[in-house]
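Structural description and commentary
What follows is each chain in one-letter form.
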Amino acid sequence: MNTTDAVRFWDDVYAARPAPADPRPNVRLTETVTGLPPGDVLDLGCGTGGDALWLARQGWHVTAVDVSSVAVERLTQLAAAHGLSERITARRHDLRESFPDGTFDLVCAHYLHTPLDLDRASVLRTAAHALRPGGRLLVVDHGSTAPWSWNQDPDLRHPAPQEVAADIALDPAAWTVERADASRRVASGPDGRTAEVTDHILIVRRTA
């Protein structure tokens with residue numbers, strides 16, 4: 001899938017969904033970040049913008065990126081509507097071709113799954129290198145397929161967090177895996193349906 005097709009795919013996904021006036025943050029983000037001192041955070045694949053808005057309200061300065069121009073424009077408008085424009089910078093990035101500049105205290109990648117031909121391990125490795133010492137990389141993946149997911153492939157495999165960590169292949173002398181496990185919860189989809197889903201959660205901390 002080339003860049004034009006990828007942008008069209010994700011633009012169509014977000015355009016087909018109603019734009020929430022105040023989207024909710026991901027549960028795994030709030031349970032991980034609550035209590036951390038705010039700093040600079042990079043939100044990879046910002047989607048509807050719930051994470052970026054929540055982080056900004058907690059005092060973080062957010063760089064939020066997505067391949068979809070629809071998602072980026074919606075978040076820019078939401079940040080302005082909620083008085084958070086000074087804390088949120090939303091930009092379109094195709095992570096196969098470019099990565100945001102800067103260093104961060106936190107990098108979040110929630111459900112960074114895509115039909116694009118994306119070298120995800122390379123992107124997450126770059127994200128880990130963008131952390132300041134003491135910063136954390138939070139990767140939350142689907143461990144099951146929700147009824148509302150765009151990908152309903154019955155043969156879809158969900159790699160364990162330990163596999164994701166191994167693929168990123170970070171030097172243990174400079175990065176420490178703080179969490180690598182699966183957790184179940186009841187989730188709500190964009191159409192209002194609920195279902196029990198599994199999240200695969202990986203947290204890596206830069207120590208040097």
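If you're wondering where the values come from, they're calculated on a predicted model, not measured in any experiment.

In terms of nonpolar packing, the biggest core is built from 33 residues, with Leu-44, Phe-99, Val-107 and Leu-137 touching the most fellow members. Put simply, the parts of the chain that give this core at least two residues each are helix H1 (3-15), strand E1 (40-44), strand E4 (104-110), helix H5 (120-129), strand E5 (131-142), helix H6 (161-168) and strand E7 (194-206). Ranked by the residues each element gives to this core, the list is headed by H1, at five residues. Residues contacting Val-107, with those up to four places away along its chain left out, are Leu-42, Leu-44, Ala-127, Leu-131, Arg-136, Leu-137 and Leu-138.

Attention now moves to the pairing of E1. The buried count for E1 comes to four of five residues, which makes it a mostly enclosed element. Of the strand pairs in this sheet, E1 and strand E2 (residues 61-66) are connected by five bridges, and their pairing is parallel. When the sheet's bridge partners are listed, Asp-43 is paired in E2 with Ala-64. Between the parallel elements E1 and E2, the chain passes through helix H3 (residues 50-57) in a crossover that is right-handed. By the bridge criterion, four bridges tie E1 to E4 in an arrangement that is parallel. Bridge assignment links Asp-43 to a residue of E4, and that residue is Cys-108.

Basis of the calculations
- Residues numbered from 1 in each chain as written.
- Predicted model: local features only at pLDDT ≥ 70, side-chain atom pairs only at ≥ 80, totals over all residues.
- Heavy atoms only, no water.
- Core = buried A, V, L, I, M, F, W, Y, C linked by side-chain atoms within 4.5 Å.
- Buried < 20%, exposed > 50% of the residue type's maximum accessible area, 1.4 Å probe, protein only.
- Helix = DSSP H or I, 4+ residues; strand = E, 2+ residues; numbered from the N terminus.
- Contact = heavy atoms within 4.5 Å.
- Pairing = 2+ DSSP bridges.
- Right-handed = clockwise from strand over helix to strand, strands pointing away.

Function cannot be read off these values alone, since they describe shape.
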